[in-house]
Amino acid sequence: MKVAVVGATGMVGEVMLKVLEERNFPISELLLVASERSVGKKLTYKNEAHTVIGLADAVAARPDIAIFSAGGDTSLEWAPKFAEVGTTVIDNSSAWRMDPTKKLVVPEINADELTADDKIIANPNCSTIQMVLTLDPLHKKYQMKRVVVSTYQSVSGTGVKAVEQMENEASGIEGEMAYPYPINRNALPHCDVFLENGYTKEEMKLAREPQKILDDRTFSVTATAVRIPTAGGHSESVNVEFHNDFDLAEVRQLLSETPGIVVQDNPETNTYPMPVFANGKDDVFVGRLRRDETQPNTLNMWIVADNLRKGAATNAVQIAEYVVKHFSPKTV
């Protein structure tokens, strides 16, 4: 299995290599790919040095699978070129997510929709993945009507420049700014760019992507996305109104039985999800489960996950694992 990691020198690319190694993904030849300014750099995978190559050379090598974490513009230009030579592309950017001809996949939910003909597969937004993985079993049981989500997102979701800004500010060092304001000891209600409707692009991803993943437009999602000074993990306060009533004990059981979810929900012992515990893990953590006492059939919960792992790299590798398992390399 010849595998290309596009954007290998970035934050997600670094985690991608770590996850591929941890999960012992079947690789006979690894191509580490990045922009021209990074070509020639050396990166280590399984204690072996690999030289970073450019996109054109990677296409010419005709890999079986290419996992992209290089930004939307790069994906729009290069993913079709890889697909044309028979490569299955799994893309972490927002470039293809809402394209009606492309699948938007969280493996635990809808990997079975994939076929050997899907040559460009979209990885959802990091905040979407952890929310929709939690909502899926509840939606099947109680039927969602409306979701209100407020996110508390790590600076790692912006990239290494943002992490450096936070660390510089904490140390009293002046440096390059990733955000229009300080992030240390602050909260910015501003994730991605603002759109004409007053929402940010991140907030609209949270509103639209769950409907596509669950293949259901009968429920609605409204979002407020906030950046906070944490370095590893996104948190979400989620309020879900269902058409049907629920039992809290049954909700806990449903979530506990869902692959990829860990329930941490015991106020008596101060047990609840936090980024400091989710950092470096692949699971999605759910807690603070309680009824909304202001209206019927409505649940409040708190969801936390490592945005670089399940929110990006791990989900993409899980898609790749499904492709390898169900479609032979010749059809890939």
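Along each chain, residues carry numbers from 1 onward, in the same order as the chain's sequence is written. Totals for whole chains, interfaces and linings use every residue, but because this is a predicted model, local features are given only for residues with pLDDT of at least 70 and side-chain atom pairs only at 80 or more, for both listing and counting. Side-chain numbers come from the whole structure's heavy atoms, not from hydrogens or water.

Undergrad: Talk me through the overall build of the chain; I want residue IDs and the actual numbers.
TA: When you go through the chain residue by residue, the secondary structure sums to 10 helices and 14 strands. Taken over C-alpha atoms, the radius of gyration is set against a globule rule of 2.2 Å times the number of residues to the power 0.38. Taken over the C-alpha trace, the chain has a radius of gyration of 20 Å; the compact-globule value for 332 residues is 20 Å, and the two agree within 12%. Counting only C-alpha atoms and orienting by the principal axes, one finds that the chain spans roughly 60 × 50 × 40 Å. Here, two residues are considered to be in contact whenever any of their heavy atoms come within 4.5 Å of each other. For the chain, the share of sequence-separated contacts (at least 6 apart) that also reach a separation of at least 24 residues comes to 68%. Every accessible area reported is derived by Shrake-Rupley at a probe size of 1.4 Å, with residue values counting cover from the shown protein chains alone. Accessible area for the chain stands at about 15,000 Å²; split by element, carbon and sulfur atoms hold 48% of it. Charged-residue counts in this description rest on Lys and Arg as positive and Asp and Glu as negative, His and the chain ends being excluded. Here the site of a charge means NZ on Lys, CZ on Arg, CG on Asp, or CD on Glu. One finds the centroid of the 34 positive side-chain charges in the chain at a distance of 2 Å from the centroid of its 45 negative side-chain charges. Only DSSP runs of H or I reaching four residues or more are called helices, and only runs of E reaching two or more are called strands; each is numbered from the N terminus.

Undergrad: Break down the pattern of salt bridges for me, with residues and values.
TA: Every case where a carboxyl oxygen of Asp or Glu lies within 4 Å of a side-chain nitrogen of Lys or Arg is listed as a salt bridge. Scanning the model with the defined rule gives 18 salt bridges in all. For Lys-103, the salt bridge goes to Asp-118, with nearest N and O atoms at 2.9 Å. Separated by 15 residues along the polypeptide, Lys-103 in strand β7 (residues 103–104) and Asp-118 in the loop between α4 (107–110) and β8 (120–122) bring together distant segments of the chain. Classification of Asp-118 by relative accessible area gives buried; the value is 11%. Measuring nitrogen to oxygen at the nearest pair gives 2.8 Å for the salt bridge that ties Arg-309 to Asp-282. Linking Arg-309 in helix α10 (residues 309–326) with Asp-282 in the loop between α9 (275–278) and β13 (284–291), this pair joins segments that are 27 residues apart in sequence. Summary of the burial criterion: residues with accessible area below 20% of their type's maximum are buried, those above 50% are exposed, and those between are partly exposed, where the area comes from a 1.4 Å probe applied to protein chains only. Judged by its relative accessible area of 25%, Asp-282 falls in the partly exposed class. Overlapping salt bridges, with partners in common, bring together Glu-22, Asp-282 and Arg-309 in one network.

Undergrad: Any details on unusual backbone geometry? Residues and values, ideally.
TA: One non-glycine residue, Asn-24, adopts positive backbone phi at about 50°. Topologically, Asn-24 is positioned in the loop between α1 (11–22) and β2 (29–33). The phi torsion at Asn-47 lies on the positive side, around 65°, for a residue other than glycine. Here Asn-47 shows up in the loop between β3 (42–45) and β4 (48–51). On the basis of relative accessibility, which here comes to 79%, the residue Asn-47 falls in the exposed class.

Undergrad: Quick one: what's the story with the packing of aromatic side chains, residue by residue and with numbers?
TA: Each pair of aromatic rings taken from Phe, Tyr and Trp, with Trp reduced to its six-membered ring, is defined by centres within 6.5 Å and is described as stacked if the planes are under 30 degrees apart, edge-to-face if over 60, and tilted in the remaining cases. On inspection of all chains with the given rule, the structure shows six aromatic pairs. For the ring pair Phe-242 and Phe-246, a centre distance of 5.8 Å and an interplane angle of 70° mean the geometry is edge-to-face. Accessibility expressed as a relative area gives 2% for Phe-242, which makes it buried. When its relative accessible area of 4% is taken as the criterion, Phe-246 is described as buried.

Undergrad: Which residues make up the environment of His-234, and what values go with them?
TA: On the secondary structure map, His-234 appears in strand β11 (residues 234–242). For the pair His-234 and Arg-37, spaced 197 residues apart in sequence, the C-alpha separation works out to 30 Å. Contacts of His-234, omitting those with residues within four sequence positions, involve Cys-126, Ser-127, Gln-130, Tyr-152, Gln-153, Ser-154, Gly-157, Arg-227, Ile-303, Val-304, Ala-305 and Asn-307. Nitrogen and oxygen atoms within 3.5 Å of one another constitute a polar contact, given that in protein one can donate a hydrogen and the other can accept it, and given that sequence-neighbouring residues count only through two side-chain atoms. Side-chain polar atoms of His-234 contact the backbone nitrogen of Ser-154, separated by 2.9 Å.

Undergrad: Lay out the pairing of strand β14 (residues 298–305) in plain terms, naming residues and giving numbers.
TA: Most of β14 sits inside the fold, with seven of its eight residues counted as buried. Two strands pair when backbone bridges link them, and β11 and β14 are joined in this way by eight bridges, in the antiparallel orientation. Note on β14: the bridge partner recorded for His-234 is Ala-305. Strands are labelled as partners when DSSP assigns at least two bridges between them. Pairing analysis gives six bridges linking β13 to β14, with the strands arranged antiparallel. Opposite Arg-290, over in β14, you have Asn-300 as the bridge partner. The antiparallel hairpin formed by β13 and β14 contains six residues in its connecting segment, where Asn-297 sits at a positive phi of about 55°.

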